[in-house]
Amino acid sequence: MVKMAIVKFVEVCEKIGSGATPRGGKEAYSDEGISLVRSQNVLDFSFSSDGLVHINDEQAKKLKNVELHPDDVLLNITGDSVARACIMDSSFLPARVNQHVAIVRGKKELVLNSYILYYLQWKKDYLLQLASAGATRNALTKGMIEQLDINLPSLTEQKRIVAVLDSIQQKISVNKKINDNLYEMVNAYYTSLFKENDCEMTTVGIYAERIYSGGTPMTSNAAYWNGTFGWFSSGETRNRFVISTEKTITQAGIDNSSTKLATKYDIVMASAGQGFTRGQTSMLLIDTYVNQSVIVIKSERNILPYLFWNLANRYDELRAISDSSSIRGSLTTKMIAAFEIPLAKAQSLQAFADFAWSVIHQIENNLLENERLTALRDSLLPKLMSGEIDVSDIQL
């Protein structure tokens, strides 16, 4: 065992605090300026620029006390994403945080920010328990964070621990970037084949074999949950390609609810959801049951890639038709069936499908490798952070 001191976060951090939402409605925001980090920008281990907004200098001055520094740790402290943590991406500085995100900045002479990040990830289950037991549901307070215990080895030992975990995390990040590039490569080919010229239009329903949504087993019945079947919710459409689900259900949950099975390579779309969720489109790389806020689109193999890349690029249009409908803020299977799409030539459909499927399989392989790397990282994390594994022989 590695010798470690156990101290409170408040003793090793020079900053623990969150910001606020700018006042003034839309007027407070601008197309450019100071970045305002919100909870949707904080993913586990990685920062996302999706949905990143900006504020003007006047608003930024009001939030001067939550100005972000390079390598600051970001911790979500409210809502469904509570306890997610990452390091701030310096390319989006200068920046501030709103009230849903806390800055956790270590004292440089005592602790590495990257060590803090890995420690928070190790303690995520405990943080979730704290958040659920607090006075405000699903919320972490500054006091809770300050009073967290942290196992603190020497800075040299921290660097060695971080080096081991970073080597895994960097490979995961590389695979994600490769997949982003592969997706955009297919996107470019899509644009070259199906240029938006005047052409005959048809509907998604004509191309689809079936369009449907699912349901949710009763959440209060424990017998329906944590089973062997995947269960997919609308928020998970944030992942363009889906390799796993956050929750699972049992056969009893399936039998006693309106959830329905979607199969590998089906297109899934968020029909409802908070924030930016509604209208997001993904492709399944697994079989999974879905909830009522997910629309499933089944089609023939040579048509699926065309439908997927078309719908994934029409997020704003999909949100617009739902906003203008009588069903407030939601998409329906009928809307999607009637949604117009260019009528593509059979030859172009086949050419695109042949190219897209070869890339989809590469993306799938990278995601599977990341799943294995994530499992390795998560198995090492408690052993390294508790001092069970001695990394003193690692040469930095």
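Residues numbered from 1 in each chain as written. Predicted model: local features only at pLDDT ≥ 70, side-chain atom pairs only at ≥ 80, totals over all residues. Heavy atoms only, no water.

Colleague: Please clarify how the packing of helix 3 (residues 113-122) against helix 6 (residues 155-193) should be interpreted in this entry.
Modeller: How two helices pack is summed up by the angle between their axes together with the distance between the axes. Running from N to C, helix 3 and helix 6 cross one another at 65°; their axes reach a closest spacing of 10 Å. When the interaxial angle is binned, helix 3 and helix 6 end up roughly perpendicular. As for the relative orientation of helix 3 and helix 6, their crossing is left-handed in sense. Of the residues in helix 6, those in contact with Ser 114, Tyr 115 and Tyr 118 of helix 3 are Gln 158, Ile 161, Val 162, Leu 165, Asp 166 and Gln 169. Of the residues belonging to the contact of helix 3 with helix 6, the class tally is 5 nonpolar, 3 polar and 1 charged. (Axes fitted to C-alpha atoms, helices over the stretch in contact; angles between N-to-C directions. Helix = DSSP H or I, 4+ residues; strand = E, 2+ residues; numbered from the N terminus. Parallel < 35°, antiparallel > 145°, perpendicular 65-115°, else oblique. Left-handed = near helix turned anticlockwise from the far one by under 90°. Contact = heavy atoms within 4.5 Å. Nonpolar A, V, L, I, M, F, W, Y, C, P; charged D, E, K, R; others polar.)

Colleague: Looking at this model, I keep getting lost on the side chain of Ser 48. Mind explaining?
Modeller: If you trace the backbone, Ser 48 turns up in the loop between strand 6 (46-47) and strand 7 (53-55). By relative accessible area, which is 11% here, Ser 48 ends up buried. Of note is the side chain of Ser 48, whose polar atom sits 3.2 Å from the backbone nitrogen of Asp 50. Ignoring anything within four residues of it in the chain, the contact list for Ser 48 reads Gln 40, Asn 41 and Leu 43. (Buried < 20%, exposed > 50% of the residue type's maximum accessible area, 1.4 Å probe, protein only. Polar contact = N/O pair within 3.5 Å; in protein donor to acceptor, adjacent residues only side chain to side chain.)

Colleague: Would you explain the packing of helix 6 against helix 12 (residues 346-385) in this entry?
Modeller: Relative orientation of the contacting elements helix 6 and helix 12 amounts to 165°, with a least axis distance of 9 Å. With respect to helix 12, the axis of helix 6 lies roughly antiparallel. For the element pair helix 6 and helix 12, the recorded crossing hand is left-handed. Of the residues contributing to the contact of helix 6 with helix 12, the split by class is 26 nonpolar, 8 polar and 4 charged.

Colleague: Just checking my understanding: could you explain unusual backbone geometry for this structure?
Modeller: Most peptide bonds take the trans configuration, and most residues that are not glycine carry a negative phi. Following Leu 93, the chain continues into Pro 94 via a peptide bond in cis, with omega recorded as 0°. Tracing the backbone shows Pro 94 in the loop between strand 9 (85-87) and strand 10 (95-97). In this structure, Asn 226 is a non-glycine residue whose phi angle is positive, near 60°. Its place among the elements puts Asn 226 in strand 15 (residues 225-232). Notably, Tyr 265 is not glycine yet its phi reads approximately 80°, a positive angle. Here Tyr 265 shows up in the loop between strand 18 (260-262) and strand 19 (267-270). Judged by its relative accessible area of 13%, Tyr 265 falls in the buried class.

Colleague: Honestly, the sheet that holds strand 20 (residues 281-284) in this entry has me stumped. Any pointers?
Modeller: To summarise the sheet geometry, strands pair through backbone hydrogen bonds and adopt either a parallel or an antiparallel arrangement. Across the sheet, which stays open at both edges, the 5 strands sit in the order 14-22-19-20-16 with mixed pairing between neighbours. Sheet topology places strand 14 (208-213) and strand 16 (241-242) at the edges, where each strand pairs with a single neighbour. Looking at chain direction, strand 19 and strand 20 are connected through 3 bridges and run antiparallel. Of the residues in strand 20, the one forming a bridge with Val 268 is Ser 282. (Pairing = 2+ DSSP bridges.)

Colleague: Is there a simple way to explain the pairing of strand 15 in this structure?
Modeller: The side chains of a regular strand alternate, first on one face of the sheet and then on the other. Alignment of strand 15 against strand 17 (residues 247-249), held across 4 bridges, turns out to be antiparallel. Its bridge partner lying in strand 17, Phe 229 is registered against Ile 249. Two elements, strand 15 and strand 21 (residues 288-290), share 2 bridges in a ladder whose sense is parallel. Bridging from a neighbouring strand, Phe 232 pairs with Val 290 of strand 21.

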